[in-house]
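# Structural features, examined
Listed below are the residues making up each chain.
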Amino acid sequence: MACAAIAAAAAPVSAWADNPKDPAMRSAAARARDREIIRQLNLREAAMVRERDARYAEGWRAWREQGNPTADNEGYSGRVEDHRRDVADYEQSRAQYQRDLAEWRRAVAACRAGDDSACDG
């Protein structure tokens, strides 16, 4: 209940914020004061954004200067080639595994069919 009362009391104030017919903004001095407050808020926010962007730029500059492999094409190309080689090795290993599995299944089938030479042990 208390929260509802506070929200109800605050609602009319926030409703006047952008109302051009707000009685408090009838004088030129009040509008000038409001305009200056908004200008100061905008300037402060712009300064914070510039500082943030400068920090980001410094971080990216430091990252590039560390010699990251992805920062230069040669290092990136080398990593791509390593990846391709790894994929090819995996495909060869997988094909060998499939051949070994097929051979094992044939031996199991032969053993179950009575061929003792196909059985392990």
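As a reminder, the structure under discussion sits directly above these lines.
The structure reproduced in this document is the subject of the present report. (Residues numbered from 1 in each chain as written. Predicted model: local features only at pLDDT ≥ 70, side-chain atom pairs only at ≥ 80, totals over all residues. Heavy atoms only, no water.)

### So, the overall build of the protein
Our working rule: Elements are defined by DSSP. Helices are runs of H or I of four residues or more, strands are runs of E of two residues or more, and each kind is numbered from the N terminus. Remark: exposure states derive from per-residue accessible area (1.4 Å probe, protein chains only) relative to the maximum for the residue type, with buried under 20%, exposed over 50%, and partly exposed in between. Residue exposure ignores everything except the shown protein chains as possible cover, and the areas themselves are Shrake-Rupley values with a 1.4 Å probe.
When its secondary structure is counted, the protein shows 3 helices and 0 strands. Secondary structure elements in the protein, listed N-terminal to C-terminal, are α-α-α. Across the 121 residues of the protein, 3% fall into the buried class. A total accessible area of about 10,600 Å² is found for the protein, and carbon and sulfur atoms account for 56% of it.

### A few points about a nonpolar patch on the surface
What counts, and what does not: Patches were defined on residues exceeding 30% relative accessible area and lacking a salt bridge, with like-charge contacts within 9 Å and nonpolar side-chain contacts (Val, Leu, Ile, Met, Phe, Trp, Tyr) within 5 Å. By convention in these notes, a salt bridge is any Lys or Arg side-chain nitrogen within 4 Å of a carboxyl oxygen on Asp or Glu.
Taken together, the side chains of Tyr56, Trp60 and Trp63 present a nonpolar region at the surface, about 370 Å² in accessible area. In this fold, tryptophan 60 is placed in helix α2 (residues 28-65).

### Remarks on the packing of aromatic side chains
As a reminder of what qualifies: Within 6.5 Å between ring centres, the rings of Phe, Tyr and Trp (the latter by its six-membered ring) count as paired, and their orientation is classed by plane angle as stacked under 30 degrees, edge-to-face over 60, tilted in between.
Summed over all chains, the structure comprises 1 aromatic pair. The interplanar angle of 85° and the centroid separation of 5.6 Å between the aromatic rings of tryptophan 60 and tryptophan 63 together place this pair among those described as edge-to-face. Highlighted residues: tryptophan 60 and tryptophan 63, both in helix α2, separated by 3 residues, approximately one helical turn. Among the residues examined, tryptophan 63 registers a relative accessible area of 32% and is labelled partly exposed.

### Section: the side chain of aspartate 22
Within the secondary structure layout, aspartate 22 lies in the loop between α1 (2-15) and α2. According to the relative accessible area criterion, aspartate 22 is buried, its value standing at 12%.

### What to know about the pattern of salt bridges
Tallied over the full model, the rule gives 5 salt bridges. Here glutamate 58 ties to arginine 61 by a salt bridge, and the two come within 2.3 Å at their closest N and O atoms. Of the two residues, glutamate 58 and arginine 61 both sit in helix α2, 3 residues apart, roughly one turn of that helix. Residue classification places glutamate 58 among the partly exposed positions, given a relative accessible area of 41%. Taking relative accessible area as the criterion, arginine 61 reaches 33% and is therefore assigned partly exposed.

### Concerning the environment of glutamate 36
To keep things clear, this is the line we draw: Polar contact is defined as a pair of N or O atoms within 3.5 Å, subject to the rule that within protein one atom must be able to donate a hydrogen and the other to accept it, and that residues adjacent in sequence are counted only when both atoms are side-chain atoms.
Counting through the fold element by element, glutamate 36 comes out in helix α2. Residue class for glutamate 36 comes out partly exposed when judged on its relative accessible area of 33%. Within the structure, glutamate 36 has its side chain in polar contact with the side chain of glutamine 40 (distance 2.8 Å).

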